[in-house]
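# Close look at the chain arrangement
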Amino acid sequence: MSSRKHRGAENIENLCPVARKRSTSKNSAVTVSATKTSIYEYTSSPSVLTFEALEEMGIGMLDSEESSSSAMSAIALAVSATSDENSNETTPGTTAARMTHQQTRMSLNSTASTLDSSTVNNTIIEIFNEDAQERLLLSQSAEKLQALAQAKRTALGGASECGSNSNSPSKRTRNPLATVTCNNQSEAQSLLPPPQQQQQQSSLSLLPSTSKQAMMRQQKKPTLTPLPPRMATTENFFVYRTPTMSAHISSGINYFDKLSDEILLDIFKWLPKKTLLRIATVCRRFNCCARDETLWTRLDLGLRTLRPTALEQVVRRGVPVLRLAQAEIQDPAFICEPSSIHFQSRLQYLDLSLASISLGSLQTLLTQCRQLKKLSLEHADLNDEICFEISQNTSLETLNLSMASGLNANCVRQLMESLTKLNSLNISWTNLSADAVTALVTHTPSNIIRLNVAGCRRVLFDSHVVTLQKRCPQLLELDLSDCNSLTPAALAAIMKFNSLEYLSVSRCYLIPATNFIELKNMPSLTYLDIFGMLSDAAMEVLEKQMPKIGINKFIHSSVGRPTVGTRRTSIWGLRTRD
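Position numbers for residues count from 1 along each chain, tracking the sequence in the order it is written. In keeping with the model being predicted, local features are shown solely for residues with a pLDDT of at least 70 and side-chain atom pairs are shown and tallied solely at 80 or more, while totals for entire chains, interfaces and linings include all residues. Hydrogen atoms and water are omitted, and side-chain values are computed over all heavy atoms in the structure.

### Side note on helix α20 (residues 462-471)
Within the span of α20, buried status applies to Asp-462, His-464, Val-465, Leu-468 and Gln-469. One side of α20 carries all its buried residues, which in axial view fall inside an arc of 155 degrees. We call two residues in contact whenever any of their non-hydrogen atoms come within 4.5 Å of each other. The way it works is that DSSP assigns letters per residue, a run of H or I at least four long becomes a helix, a run of E at least two long becomes a strand, and they are numbered from the N terminus. Against the buried residues of α20 lie α19 (434-443), β11 (450-452), β12 (477-479) and α21 (488-494). Accessible area is worked out with a 1.4 Å probe on protein chains only. A residue is then buried under 20% of its type maximum, exposed over 50%, and partly exposed in between. The directions considered for the arc are those from the helix axis to the C-beta atoms.

### Here we look at the packing of aromatic side chains
Two rings belonging to Phe, Tyr or Trp (six-membered ring only in the last case) form a pair when the distance between their centres is within 6.5 Å. Interplanar angles under 30 degrees mark stacking, angles over 60 mark edge-to-face geometry, and anything in between is tilted. Evaluation of the coordinates by the stated rule reveals 3 aromatic pairs. With a centroid separation of 6.0 Å and 80 degrees between ring planes, the pair formed by Tyr-502 and Phe-554 is classed as edge-to-face. Of this pair, Tyr-502 sits in strand β13 (residues 502-504) while Phe-554 sits in the loop between β15 (550-551) and β16 (570-571), and the two are 52 residues apart along the sequence. Judged by relative accessible area, Tyr-502 falls into the buried class, the value being 9%. By relative accessible area, which is 36% here, Phe-554 ends up partly exposed. With centroids separated by 5.1 Å and ring planes inclined at 75 degrees, the aromatic side chains of Tyr-527 and Phe-554 adopt a geometry described as edge-to-face.

### Focus on the pattern of salt bridges
The rule for a salt bridge is simple: a side-chain nitrogen of Lys or Arg has to be within 4 Å of a carboxyl oxygen of Asp or Glu. In this structure the tally under the stated criterion is 11 salt bridges. A salt bridge links Glu-378 to Arg-561; its shortest N-O distance comes to 3.0 Å. Here Arg-561 lies in the loop between β15 and β16 and Glu-378 lies in the loop between β8 (374-376) and α17 (384-391), a separation of 183 residues in the sequence. When the shortest N-O distance is used, the salt bridge between Glu-477 and Arg-450 registers 3.3 Å. Of the two residues, Glu-477 sits in strand β12 while Arg-450 sits in strand β11, which places them 27 residues apart along the sequence.

### Description of the sheet that holds strand β9 (residues 398-400)
A sheet is described by the order of its strands in space; here 11 strands give the open sequence β3-β5-β7-β8-β9-β10-β11-β12-β13-β14-β15, paired in parallel fashion. Every interior strand has two partners, whereas the edge strands, β3 (298-300) and β15, have only one. Think of it this way: DSSP has to see at least two bridges between two strands before they count as a pair. Direction of pairing for β13 relative to strand β14 (residues 527-529): parallel, over a ladder of 3 bridges. Counted as the bridge partner of Ser-504 is Asp-529 from β14.

### As for the environment of Leu-407
Along the chain, Leu-407 turns up in the loop between β9 and α18 (409-418). Residue Leu-407 is classed as buried on the basis of its relative accessible area of 9%. Note: C-alpha distance between Leu-407 and Asp-384 (23 residues apart in sequence) is 7.9 Å. Setting aside residues up to four positions removed in sequence, Leu-407 forms contacts with Leu-382, Cys-387, Leu-401, Ile-427, Thr-430 and Leu-432.

### Quick notes on unusual backbone geometry
Of the consecutive residues Asp-331 and Pro-332, the connecting peptide bond is found in the cis state with omega at -5 degrees. As for its position among the elements, Pro-332 is in the loop between β6 (328-329) and β7 (349-351). We note that Leu-354 has phi near 55 degrees; this positive angle belongs to a residue other than glycine. Relative to the elements of secondary structure, Leu-354 occurs in the loop between β7 and α16 (359-367). One non-glycine residue, Trp-572, lies in the positive phi region at around 55 degrees.

### Side note on the environment of Arg-370
Inspection of the secondary structure puts Arg-370 in the loop between α16 and β8. A C-alpha to C-alpha distance of 9.3 Å links Arg-370 and Ser-391, two positions 21 residues apart in sequence. Excluding residues that lie within four positions of it along the chain, Arg-370 makes contacts with Gln-344, Glu-389, Gln-392 and Asn-393. Whenever two N or O atoms come within 3.5 Å, that pair is a polar contact, provided that in protein one can donate a hydrogen and the other can accept it, and provided that, for residues adjacent in sequence, both atoms are side-chain atoms. Among the polar contacts made by the side chain of Arg-370, one reaches the main-chain carbonyl oxygen of Leu-366 at a distance of 2.9 Å.

Structural measurements only, silent on function.
The structure is reproduced here in structure tokens:
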């Protein structure tokens, strides 16, 4: 019996069938004994899984969770081997069991010639009786093992809750036998109705789990509760409610009402502009606070595309510093007509350089602007109405109209007569006529200190320079580039400026190179640009003659321009981004 248990234990440990050796003895007694013992030689037969055999293999000791899981997995394999023989399902262990009985019957048929029928029948009855008894013992052993395993898991679960290390190897290591399942049970379960599937799942839950964490997770799995309503509303407050929100929201108390508007504004001032637009949709109070003028002191929309009526919303926010350089403003920029608009914007610094905007939208925008201090309309289309709206900003100090089109003598005269506080003007390359140049130098404000009239080819003469010197004696910067009608007489008038620091007479080809040496007598002159006038050798001679004056230091003029160099996030020295 001990050898039989030993062989059974060795085969059970591997859980694989062993090829049967057919007996060739002709002795009836030997044949019958071989037939009886053949049942115990095949490890796939469930009759060998007795409680004693499991104890010898160490399965019944339950020293650790892996041993209990291995025992339960072995029992699951053994139980799966006892399925119906008429079933067409393929399950682990059933092939070996069928082979055992088939080979037993073949051995009985082969010995039928040497044994009488009564002896054979008695032998078969004894074999099946012993098989039934051992199956009964197996089922009892399985129940005992299940009870012991459940007690062991309960004890281990309580110990782990008291203070177990979650990084222990037993929790990290997955039992290789935990993945063993019965195909016939899983396939049969899929064919059952839902109530029977739940019962089948409850019965399958007795199989060993993968780890203690899985068992604890199943025991502590929370029950599903109906979620509260997603949106809670009060009279003036809307809040998006989630299950994880704190309890004070469900109580109906709005703690934001206890905060003053000043505190909310002090919080909102740290938010980006996009976040302010989103937070304005939370409630009415947030909407009012998010629209406060103190939160919209500067805005940079350069290189952006503004949808219709978007510009009106921006202006109504009360933005004093607005950059729209190279922006595309779609029509209509304003819903209402200029005559029906009754509010005035707080715009003081407006940059529309190279912006794409229609004449109507630009006129409507300037109609609402009466506090402008610095304005840039570089490369913009102008007309008499727009120039009239510009002239209404009597506090305007800097005006950049470089490369603008549509200026005539009447527009220039109206601008120069109305903008009495203007101190910086860039009207270069505007294709002015001779009458417009005359109106410019005749009506230029006397307090102007920076002037750029470059590009006035064949329309700006020496007489205009003389008139300008009498009209604006305090000029600091003067750009007369590409005014190729000027002669040395213009230099004589320029030398009368007592405060002139920067002078540009580039490409004024009628002025001889030797006349530039006379400019060294100007005590205030610091920089001189004469691009395209002298050769390299003549330039070296001139630099030696004028050591205190920087020659050809600036390629482009900065008069009236909002951005200079690489400073693309500020206009006229003011930041446009938070």
